[in-house]
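Close look at the chain arrangement
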Amino acid sequence: PRHMDSVLDILDALESPARGGSPGTAAALGRGLGVCSTPACRAVLGEPLGTPERPPALTPGQWQLLTELLRHDPATPEAGAVLAPDGSTVALGPLLAGIEAGLRSGGFGRPLPTLDPPADPLLAVTIAEALGTSFLLAQRGDNNATALGPGGCWDDVENPQNYTLRGPPSPVPDPVAVGAMDGAVLGARLARGPLPVAELLRGYYGTGNGSEAGRLPSSYRRRDFGALAGQGRLEKEVAAVLGLLRTLSPTSELLRDVGTQEVVAVAHRAAQEFSERYVECPAIVPRCLWGARPYRGTPAPLQPPLGSVFLHHTLEPSQPCQTFSTCTRAMRDMQHFHQDTRGWDDIGYSFVVGSDGYLYEGRGWHWVGAHTKGYNTQGFGVGIVGDFTTTLPDPNTLALVRDEFLPCAVRLGHVRPDFILRGHRQLGHTNCPGNALFQEIQSWPGFQ
């Protein structure tokens, strides 16, 4: 399966000292297979040493999977992606490039070159080059060209084999953005001192499809990447890499007629749009990834921007879900209850919030829900998994809704800037969203 667990098994075999491996083996192999095939990445990490042969430590099946995942093809950037235990989809190319840059800046292997103009090698090989070229190409192309996204779906989250993008691909679809953030975060960790890569990744992603108790470190990638490279720093590094690409072939041709002001504008827009989409706004798990049944009947469209957000607790399940596997199971159980017992067309909520760091798409932004009787066309219904009669969700989950989801809903045009936030009990005969949570939201912006 194209799952991070399969990659970890391969890394274990490659790094085993008994089989002649070391922490840098996987990164060097990845470069030989095509991980670092772009001009700036090669300027930082060097040219590959020819096409590698299968190491004795790997089975033919493992070698086939690795070569398929790491063979760089700009036409299908999603082909190099795997499903991680937290439910996110990660492109291995920028992840392994960041890991090699981190190892080498930490003193393991050959030192990294000094770039001219000066640029951060770690950000150059993970995100800055990809962002700069993507936004430059989008600006040069037709007006409909996108520079970021889209997301996509796996054919089967238990046994992921094929990942399909849900729209025309840009050079930076969601898996590349996620892999780049992870590569930067983990590369920065390795720059402080080398670790076996398999051990580092296992600690970060967890194993076993997210079955462990508790939230995984990888679910904090947006926060951690934002701390490492805020919008201002990212803008500076994109501009620096575009300066470097002027001196390299074949990108010198792409930048031949691009003036300094245009470089500054492209870098500004790239950093701003990337930060808004992948750092400041929370990730929303699409219906296809939690195993949603089809909508029954014909959904009624909403007319955004809406003026209200209604907050709920799910009551059942009563315990917050902290992993991808428990949150997706909760989503399926709620949808079955709403469709089969209540007789509704679909799960009632617009969005559901897990304590794993993610929101889950219910009816979503575009379709009328069944969450707040009499008011479903006027606002979005947001349910937090758990029973919050006497206890609160953890602070991170509260902050996810209050500080990330609500401001992003306004910025994306789904909710009016003067929106009203209400608890479900204010509009119907119910104790929802629980006494503890209702008291908490009374201090939130927009509450009336």
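What you see is a predicted model; the values in this text were computed from it and never measured.

Helix and strand counts for the protein chain stand at 16 helices and 10 strands. A compact globule built from 448 residues would reach a C-alpha radius of gyration of about 22 Å, and the protein chain, at 23 Å, matches this within 12%. Seen through its principal axes, the protein chain has C-alpha atoms that stretch 70 × 55 × 40 Å. Relative to its 448 residues, the protein chain shows a buried fraction of 55%. The long-range fraction of contacts in the protein chain, counting pairs at least 24 apart against all pairs at least 6 apart in sequence, stands at 73%. Here the protein chain has roughly 18,700 Å² of accessible surface; of this, 53% comes from carbon and sulfur atoms. Separation between the mean location of the 36 positive side-chain charges and that of the 44 negative ones in the protein chain comes to 2 Å.

The feature "domain: Peptidoglycan recognition protein family" (unreviewed entry), as annotated in UniProt, sits at residues 282-428 in this numbering. Secondary structure within residues 282-428 divides into 27% helix and 21% strand; the distance between the first and last C-alpha atoms comes to 29 Å.

Scanning the model with the defined rule gives 4 disulfides in all. Here Cys281 is linked by a disulfide to Cys408, with a sulfur-sulfur distance of 2.0 Å. Across the disulfide from Cys281 to Cys408, rotation about the S-S bond amounts to roughly -110°, and the bridge is consequently left-handed. On the criterion of sequence distance, the pair formed by Cys281 in the loop between helix H12 (260-280) and strand E5 (284-285) and Cys408 in helix H15 (residues 395-411) is long-range, its members being 127 residues apart. With a relative accessible area of 4%, Cys408 lands in the buried category. One disulfide in the model links Cys321 with Cys327; its S-S distance is 2.1 Å. The disulfide joining Cys321 to Cys327 has a torsion of about 100° about its S-S bond and is therefore right-handed. Neither residue differs from the other here; Cys321 and Cys327 are each classed as buried. In the protein chain, numbering the disulfide-bonded cysteines from first to last in sequence yields the connectivity 1-2, 3-5, 4-8, 6-7. Here Cys432 stays unpaired: no disulfide links it, and the sulfur of Cys321, its closest cysteine neighbor, is 16 Å away.

Attention now moves to helix H6 (residues 121-140). Across its 20 residues, H6 extends 26 Å between first and last C-alpha, which sits within 8% of the 28 Å expected from 1.5 Å per residue. Summarising burial for H6: 15 of the 20 residues are buried, a large majority. For H6, the N-terminal capping position is held by Asp120, with its side-chain oxygen 2.8 Å away from the main-chain nitrogen of Leu122.

This part takes up the pairing of strand E9 (residues 379-384). Most of E9 sits inside the fold, with 6 of its 6 residues counted as buried. Where strand E6 (residues 306-313) meets E9, 6 bridges bridge the pair, whose relative direction is parallel. Each residue of the ladder has a partner; that of His312, found in E9, is Gly383. As paired strands, strand E7 (residues 351-353) and E9 are joined by 3 bridges and run parallel to one another. Across the sheet, the residue bridging to Phe351 is Val382, located in E9.

With respect to the helices and strands, the residue Gly187 is situated in helix H7 (residues 174-190). Considered as a pair, Gly187 and Gly413 are 226 residues apart in the sequence and their alpha carbons are 35 Å apart.

Next up on the list: the nonpolar core. Counting 87 residues, the largest nonpolar core has Phe225 and Phe274 as its most contacted members. The contacts of Phe274, once residues within four sequence positions are left out, are Ile127, Leu131, Leu148, Ala177, Met181, Phe225, Leu234 and Val279. Counting 27 residues, the second largest nonpolar core, distinct from the first, contains Leu302, Trp365, Phe388 and Phe438.

Taken in spatial order, the 6 strands make up an open sheet running E5-E8-E7-E9-E6-E10, and their pairing is mixed. What marks the edges here is a single partner per strand, and that holds for E5 and strand E10 (415-423). Where H15 meets the sheet, it contacts E6, E7, strand E8 (359-361), E9 and E10, and its direction lies at approximately 145° from that of E10.

Quite often, the size of an interface is put as the accessible area lost when its parts meet. According to the domain assignment, the protein chain contains domain 1 (4-280) and domain 2 (287-442). Centre-to-centre, using C-alpha coordinates, domain 1 lies 33 Å away from domain 2. Domain 1 puts 20 residues into the contact, and the matching count from domain 2 is 14 residues. Taking both sides of the interface into account, the surface hidden between domain 1 and domain 2 amounts to around 1,400 Å²; carbon and sulfur atoms contribute 51%. Of all residues in domain 1, Val157, Arg215 and Glu280 give up the largest surface area on contact with domain 2, accounting jointly for 32% of the area buried on that side. One can count 1 salt bridge joining domain 1 with domain 2. The salt bridge partner of Glu280 is Arg411, with a shortest N-O separation of 3.3 Å. One can count 6 residue pairs in polar contact (both at pLDDT 80 or more) joining domain 1 with domain 2. Looking at which element gives the most residues to the side of domain 1 that touches domain 2, the answer is strand E3 (residues 152-154), with 3 residues. Taken together, the residues of the side of domain 1 that touches domain 2 sort by class into 5 nonpolar, 9 polar and 6 charged.

To continue, consider the side chain of Ser134. By secondary structure assignment, the location of Ser134 is in helix H6. Among the residues examined, Ser134 registers a relative accessible area of 1% and is labelled buried. Ignoring anything within four residues of it in the chain, the contact list for Ser134 reads Ala147, Ser170, Pro171 and Val172.

A word on the packing of aromatic side chains. Considering all chains together, one arrives at 10 aromatic pairs under this definition. Plain terms: the ring middles of Trp154 and Tyr163 are 5.0 Å apart, the flat faces sit at 55° to each other, and that makes the pair tilted. With 5.0 Å between their ring centres and 45° between their planes, Phe274 and Tyr278 make a pair best called tilted. Of the two residues, Phe274 and Tyr278 both sit in helix H12, 4 residues apart, roughly one turn of that helix. Both residues of the pair, Phe274 and Tyr278, count as buried. Above the plane of the ring of Tyr220 lies Arg215, whose end atom (NZ or CZ) is 3.8 Å from the centre.

Criteria and cut-off values
- Residues numbered from 1 in each chain as written.
- Predicted model: local features only at pLDDT ≥ 70, side-chain atom pairs only at ≥ 80, totals over all residues.
- Heavy atoms only, no water.
- Helix = DSSP H or I, 4+ residues; strand = E, 2+ residues; numbered from the N terminus.
- Rg over C-alpha atoms; globule rule 2.2 N^0.38 Å.
- Buried < 20%, exposed > 50% of the residue type's maximum accessible area, 1.4 Å probe, protein only.
- Contact = heavy atoms within 4.5 Å.
- Areas by Shrake-Rupley, 256 points an atom, 1.4 Å probe, with all protein chains shown as cover.
- Lys, Arg positive; Asp, Glu negative; His and termini not counted.
- Charge placed at Lys NZ, Arg CZ, Asp CG, Glu CD.
- UniProt positions renumbered as here; feature names shortened; annotations may be inferred.
- Disulfide = S-S within 2.5 Å.
- Expected span 1.5 Å × (residues − 1).
- Polar contact = N/O pair within 3.5 Å; in protein donor to acceptor, adjacent residues only side chain to side chain.
- Pairing = 2+ DSSP bridges.
- Core = buried A, V, L, I, M, F, W, Y, C linked by side-chain atoms within 4.5 Å.
- Axes fitted to C-alpha atoms, helices over the stretch in contact; angles between N-to-C directions.
- Domains from an automatic or database assignment.
- Buried area = accessible area lost by both parts, 1.4 Å probe.
- Salt bridge = Lys/Arg side-chain N within 4 Å of Asp/Glu carboxyl O.
- Nonpolar A, V, L, I, M, F, W, Y, C, P; charged D, E, K, R; others polar.
- Phe/Tyr/Trp six-rings, centres within 6.5 Å; stacked < 30°, edge-to-face > 60°.
- Lys NZ or Arg CZ within 6 Å of the ring centre and 35° of its normal.

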